[in-house]
Structure formats: structure tokens, C-alpha cells
Amino acid sequence: MPIIGVINQKGGVGKTTSAINLAAALAGRRTVLLVDLDPQANASSGLGIDRPELTIYDVLVGRVPARRGITDTTVENLRILPASADLAGAAVELDATSENMLLLSKSLIGVRPNFDFIVVDAPPSIGALTLNSLAAADQLIIPLQAEYYALEGIASMMETVDRVRASLNPKLTILGILITMFDTRTKLSQQVEENVRRHFGDLVFDVVVPRNVRLAEAPSYGQAIFDYAPSSQGAAAYQRLAKEVLKRAYQT
């Protein structure tokens, strides 16, 4: 029952798209809980959950247990612990004590046995919520956009992971680096992929997520890519990612 954090402190790298569609792809094979820990709540709205009565904020501040905040999605075997803008308040309210950094981990203890996978969509920044994601996760997926400064961003992310491993979560491992928004028409995308694979080797997933219009459109319809455009290149990429994740998750 691994908890997988999808995380990058840089925004605009396909993090939430990857969290939604990986969770949906895994739900075709396993039971999955998606935890939306981003105050922008894009993972929630991207699955058609717009005004949830209870959210992860209510769970983190102790108003309700996690099981009460979990709601169904239109994807079979996929449930969600949604977010709302209230979550931004939690990021401000939580001081940086180790106890507060473990709130998510403790909240998920009671529901963890009910799911084969828990996927956490973390905020695109390093703060209390992201540190909660890192403290709760067993494994991390780091989406990396195929762009010029990709390696600089991931170096900073790796340093953060090392610090969390040393202080809050010694069992934390990196499941893989996922190259996203890959444009086959540009030499830059190919060069970025070559550089990332040269630096990180087998840590990089075999699958590369293409820059795909359907992937960009699907959230505005509140759907995972498999409902919105099941025959698209984006859908095929996330199906392949799910297969790789299943293989890697149970090897570590």
C-alpha cells in the first residue's frame, strides 16, 4: 500500500496532470486514493469535484478523520480527498515543527489499508504542505518538463528530498523522474531527455509524456484523460507510466 508523492517545487511541469492521470490509470488495476494537497485544488476540479463539503484542510486541522473527507469520483476504483482554497490557510497556520510536518502521515493511517495506492498531489513550492507530502510518502515521482532549466530545478528538489530523508522520513525513496511536455519536433526536448538520462540513468521512467492538447483540455471538463480522450497519445503515455509504476513500486 505505497503512498506516492507527485512533487516538484517548480510549477507548470505537468505535476497535477500526472497525479490525476496516473491515479486514474492505476485505478484500472488497483484501488486508489488521490489526495489533493495543493491549495489551487486543480486535482479536485480536474476530476469534477468543485465545491466539496469536506476537504483535506478539515482533516489536517483535526475537524474530521480522513475517511469522512474522502469522496467518490467518476473513475471506478478512484476516490479523492479533495482540496479547496481553504488549504492555503493551513500552509500559513502550520509552523515548522516536526509534529506539524507529520499531520498528513498520521491522518492517512486509518484509511491506508483501504487502498492499494495513495497518490498525493503536492503544491509547487516548498512549505508546510509539501513537507507534509514528503513526510507521508514512501516513494516520489518527480515530473520534469523538457525545457532548458530542467536539470537546475531537479538538483534543488533532490537536495530537499535528502534533507527530509535525514530529518522526517528516512524511508523516503524516489520512484522515478518523469519527463513531461516532450515535444518531438524540437531538438531541445531531445537534448533535455539525453541530459536527464545521462545524469540520472535508470531513475528516469522509460515513458515520456508528450506535449498533448487533449491532456491540457481534459481538466476543464473535469475528466481524466481516459474519459476525455482515451485514444490520445497522452492517454497511452499515462497507461505506460502506470505499468512502470506498478513494476517499480513493488520492487522497492
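Summarised in this report is the structure supplied together with it.

So, the sheet that holds strand β6 (residues 139-145)
Pairing is mixed across the open sheet formed by eight strands, whose spatial order is β3-β4-β2-β5-β1-β6-β7-β8. Looking at which strands have only one partner, the edges of the open sheet turn out to be β3 (71-72) and β8 (204-210). Against the sheet, helix α13 (residues 233-249) engages β1 (3-6), β5 (117-121), β6, β7 (173-182) and β8, with an angle of about 165° to β8.

Concerning empty space enclosed by the protein
Using the criterion set out here, one finds two cavities of 30 Å³ or more in the structure. Of the voids in this model, the largest cavity is the one considered here, and its volume is about 50 Å³. If you trace the largest cavity, you find it lined by Asn8, Lys10, Val13, Leu144, Gln145, Glu147, Tyr149, Ala150, Gly153 and Ile154. Those elements giving two or more residues to the lining of the largest cavity turn out to be β6 and α9 (150-167).

Focus: the pairing of β5
In terms of burial, β5 is largely enclosed, as five of its five residues are buried. As paired strands, β1 and β5 are joined by four bridges and run parallel to one another. Paired with Ile4 across the strands is Val119, a residue of β5. Where strand β2 (residues 32-36) meets β5, five bridges bridge the pair, whose relative direction is parallel. Looking at the pairing, Leu34 lines up with Val119 of β5.

Observations regarding the pairing of β7
Taken across its 10 residues, β7 has eight buried, putting it largely inside the fold. Where β6 meets β7, seven bridges bridge the pair, whose relative direction is parallel. Paired with Gln145 across the bridge in β7 is Thr180. Handedness of the crossover joining β6 and β7 through α9: right-handed. Relative to β8, β7 runs parallel, the two sharing three bridges. Directly across from Ile179, in β8, lies its bridge partner Val208. Of the crossover connections in this fold, the one passing from β7 over helix α10 (residues 187-200) to the parallel β8 is right-handed.

A closer look at the packing of helix α1 (residues 15-27) against α13
The description of two helices packed together rests on the angle between their axes and the distance between the axes. At a closest axis distance of 9 Å, the pairing of α1 and α13 adopts a crossing angle of 70°. Taken together, the axes of α1 and α13 are roughly perpendicular relative to one another. Where α1 abuts α13, its residues Thr17, Ser18, Asn21, Leu22, Ala25 and Leu26 lie against Tyr238, Gln239, Leu241, Ala242, Val245 and Leu246. Its residues placed into classes, the contact of α1 with α13 shows eight nonpolar, four polar and no charged.

Comments concerning a nonpolar patch on the surface
On the surface, Tyr148, Tyr149 and Leu188 cluster together into a nonpolar patch covering about 370 Å² of accessible area. Tracing the chain through its elements places Tyr149 in the loop between β6 and α9.

Some points on unusual backbone geometry
At Ala41, a residue that is not glycine, the phi angle is positive and equals roughly 55°. Tracing the backbone through its elements, the reader meets Ala41 in the loop between β2 and α2 (42-45). You can call Ala41 buried: its relative accessible area is 12%. If you check the backbone angles, Asn77 has positive phi at about 70° while not being a glycine.

Some details on the packing of aromatic side chains
Counted according to the given criterion, the structure contains one aromatic pair. With a centroid separation of 5.0 Å and 25° between ring planes, the pair formed by Tyr221 and Tyr228 is classed as stacked.

The rules behind these values
Residues numbered from 1 in each chain as written. Predicted model: local features only at pLDDT ≥ 70, side-chain atom pairs only at ≥ 80, totals over all residues. Heavy atoms only, no water. Pairing = 2+ DSSP bridges. Helix = DSSP H or I, 4+ residues; strand = E, 2+ residues; numbered from the N terminus. Contact = heavy atoms within 4.5 Å. Axes fitted to C-alpha atoms, helices over the stretch in contact; angles between N-to-C directions. 1 Å grid on protein atoms, 1.4 Å probe; cavity = no way out; pocket = protein on both sides within 12 Å on 5 of 7 lines; lining within 4 Å. Points joined across faces, edges and corners; volume = space filled by probe spheres on them. Buried < 20%, exposed > 50% of the residue type's maximum accessible area, 1.4 Å probe, protein only. Right-handed = clockwise from strand over helix to strand, strands pointing away. Parallel < 35°, antiparallel > 145°, perpendicular 65-115°, else oblique. Nonpolar A, V, L, I, M, F, W, Y, C, P; charged D, E, K, R; others polar. Patch = residues over 30% accessible without salt bridge, like charges linked within 9 Å, V, L, I, M, F, W, Y side chains within 5 Å. Areas by Shrake-Rupley, 256 points an atom, 1.4 Å probe, with all protein chains shown as cover. Salt bridge = Lys/Arg side-chain N within 4 Å of Asp/Glu carboxyl O. Phe/Tyr/Trp six-rings, centres within 6.5 Å; stacked < 30°, edge-to-face > 60°.

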